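An overview of the molecular structure
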Amino acid sequence: MQLKDKVAIVTGAGVGIGVEYSKRLAAEGAKVVCTDIQGGHAEATAKEIVAAGGDAIGFKADVTSKADTDAMASRTQDQYDRIDILVNNAALFTALPEGPFDELKEENWDRCMEVNLKGLWNCIRSVYPFMKKQRYGKIINISSVTWMMGRPYRLDYVTSKAGVVGLTHAIAPELGEYDINVNAVVLGLVQSDSAVKVYGAEHFQKFKERQVFKRSLTPQDACGAVVFLASDDAEMITGQSLVVDGGLVFH
Ligand SMILES: NC(=O)c1ccc[n+]([C@@H]2O[C@H](COP(=O)([O-])OP(=O)(O)OC[C@H]3O[C@@H](n4cnc5c(N)ncnc54)[C@H](O)[C@@H]3O)[C@@H](O)[C@H]2O)c1
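This text gives an overview of the structure that appears in the document. All of these numbers come straight from a predicted model, not from anything done at the bench.

About the cut-offs
- Residues numbered from 1 in each chain as written.
- Predicted model: local features only at pLDDT ≥ 70, side-chain atom pairs only at ≥ 80, totals over all residues.
- Heavy atoms only, no water.
- Helix = DSSP H or I, 4+ residues; strand = E, 2+ residues; numbered from the N terminus.
- Buried < 20%, exposed > 50% of the residue type's maximum accessible area, 1.4 Å probe, protein only.
- Contact = heavy atoms within 4.5 Å.
- Polar contact = N/O pair within 3.5 Å; in protein donor to acceptor, adjacent residues only side chain to side chain.
- Expected span 1.5 Å × (residues − 1).
- Axes fitted to C-alpha atoms, helices over the stretch in contact; angles between N-to-C directions.
- Parallel < 35°, antiparallel > 145°, perpendicular 65-115°, else oblique.
- Left-handed = near helix turned anticlockwise from the far one by under 90°.
- Core = buried A, V, L, I, M, F, W, Y, C linked by side-chain atoms within 4.5 Å.
- Phe/Tyr/Trp six-rings, centres within 6.5 Å; stacked < 30°, edge-to-face > 60°.
- Lys NZ or Arg CZ within 6 Å of the ring centre and 35° of its normal.
- Near = heavy atom within 4 Å.
- Areas by Shrake-Rupley, 256 points an atom, 1.4 Å probe, with all protein chains shown as cover.
- Nonpolar A, V, L, I, M, F, W, Y, C, P; charged D, E, K, R; others polar.

**Things to note about the environment of D221**
Its place among the elements puts D221 in the loop between α7 (193-210) and α8 (223-230). With a relative accessible area of 27%, D221 lands in the partly exposed category. Leave out the neighbours within four places in its chain, and D221 touches R215, S216 and V244. A polar side-chain atom of D221 sits 2.8 Å from a polar atom in the side chain of R215.

Structure below.
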């Protein structure tokens, strides 16, 4: 119970790895606010946590809307009286079409940056006043090793995930003054439902062959780094990227 009585918000908690972060944070004792653009799915995650004996609420929040992220922060404060942890997990990933960089549609580029970068900025500026007041906060931004590998045909996604690390580096020094930690978790290929469906076994096999550990990462494998960075054990860690990829890139 490393996070007993802490209050955590997870974005993109309706589907995929965000569901596992929510369940694991709850298992570590946190009260979890599950949000997603798919509100019904976020509610379902919260219900699952409550059914397992945890404390959670779930509702719709589109991270591209500052009105939504402000409402997400106020609702969390109203319900639980503080905001300790923000897991910035929501992103467009498999939903983005792949292809040569010069054939990428401008509207897809714009939408990718809006969700995968502006979305993080919105969430951070919405929770920040509460974290600043309590002089405590742990912000964890989810990135991807694709930007370290230089993966082709995913220009928008890879660029946005490099941006997540840049954003982490830029915000961490500003928020340190208020004892708020800002770090990134950089994931390798993970068997979320959407990744399995879109990429298939062959793609996972290729990654496995390049990894030190010859098995695919599960959503549960991603949770330990998030719990650690959300915990008081990470008190003096900020502006860092923790790579969780089974030994694919060395950083
Ligand atoms: N699965 C992988 O292999 C992998 C690898 C590296 C990084 N990641 C990152 O991990 C995170 C989760 O990945 P996943 O595979 O579970 O993805 P996913 O597509 O299965 O889930 C993403 C969630 O984000 C939500 N979402 C999308 N747009 C939103 C918006 N505007 N506002 C709020 N919620 C929104 C979706 O509804 C969905 O529930 C993402 O940030 C992704 O980039 C995943």
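**A word on helix α6 (residues 155-175)**
Relative to the 30 Å expected for 21 residues at 1.5 Å per residue, α6 spans 30 Å between its end C-alpha atoms, a close match to the ideal helical length. Listed in full, the buried residues belonging to α6 are D156, Y157, V158, S160, K161, V164, V165, L167, T168, I171, A172 and L175. Where α6 is buried, its residues touch α4 (106-134), β5 (137-144), α5 (146-149), β6 (180-187) and β7 (241-244).

**What to know about the packing of α4 against α6**
With their axes 9 Å apart at the nearest point, α4 and α6 run at an angle of 20° to one another. In terms of their interaxial angle, α4 and α6 are classed as roughly parallel. Handedness of the α4/α6 crossing: right-handed. Side by side, α4 and α6 meet where N108, W109, C112, M113, N116, L117, L120, W121, I124 and Y128 of the first sit next to L155, D156, Y157, T159, S160, K161, G163, V164, L167, I171 and L175 of the second.

**Remarks on the nonpolar core**
Counting residues in hydrophobic clusters, the biggest one holds 32 residues, and the most contacted among them are Y21, L25, V32, V185 and L187. Broken down by secondary-structure element, the contributors of at least two residues to this core are β1 (7-10), α1 (17-27), β2 (31-36), α2 (39-51), β4 (85-88), β5, β6 and α8. Per-element tally for this core: the top contributor is α8, with six residues. Of all hydrophobic cores here, the second largest spans 30 residues; its members include V115, L117, M131 and Y178.

**Some thoughts on the packing of aromatic side chains**
Scanning the entire structure with this criterion turns up three aromatic pairs. Their ring planes at 65° and their centres at 6.0 Å tell us that Y128 and Y178 sit as a pair that is edge-to-face. One end of the pair, Y128, is in helix α4; the other, Y178, is in the loop between α6 and β6, and 50 residues separate them in sequence. Three or more aromatic residues joined by ring pairs make a cluster, and in this case those are F93, Y157 and Y199. Residue placement shows R75 over the ring face of F59; its charged tip is 4.1 Å from the ring centre. Lying across the ring of Y157, R154 places its NZ or CZ 4.8 Å from the centre.

**A word on the site of the ligand**
Of all residues adjacent to the ligand, which total 28 residues, the nearest are D36, N89, Y157, V190 and S192. In isolation the ligand has 830 Å² of accessible area, and contact with the protein removes 94% of it. The set of elements that each furnish at least two residues to the shell around the ligand consists of β5, α6 and α7. With three residues, the single largest contributor to the shell around the ligand is β5. When its residues are assigned to classes, the shell around the ligand shows 15 nonpolar, 10 polar and three charged.

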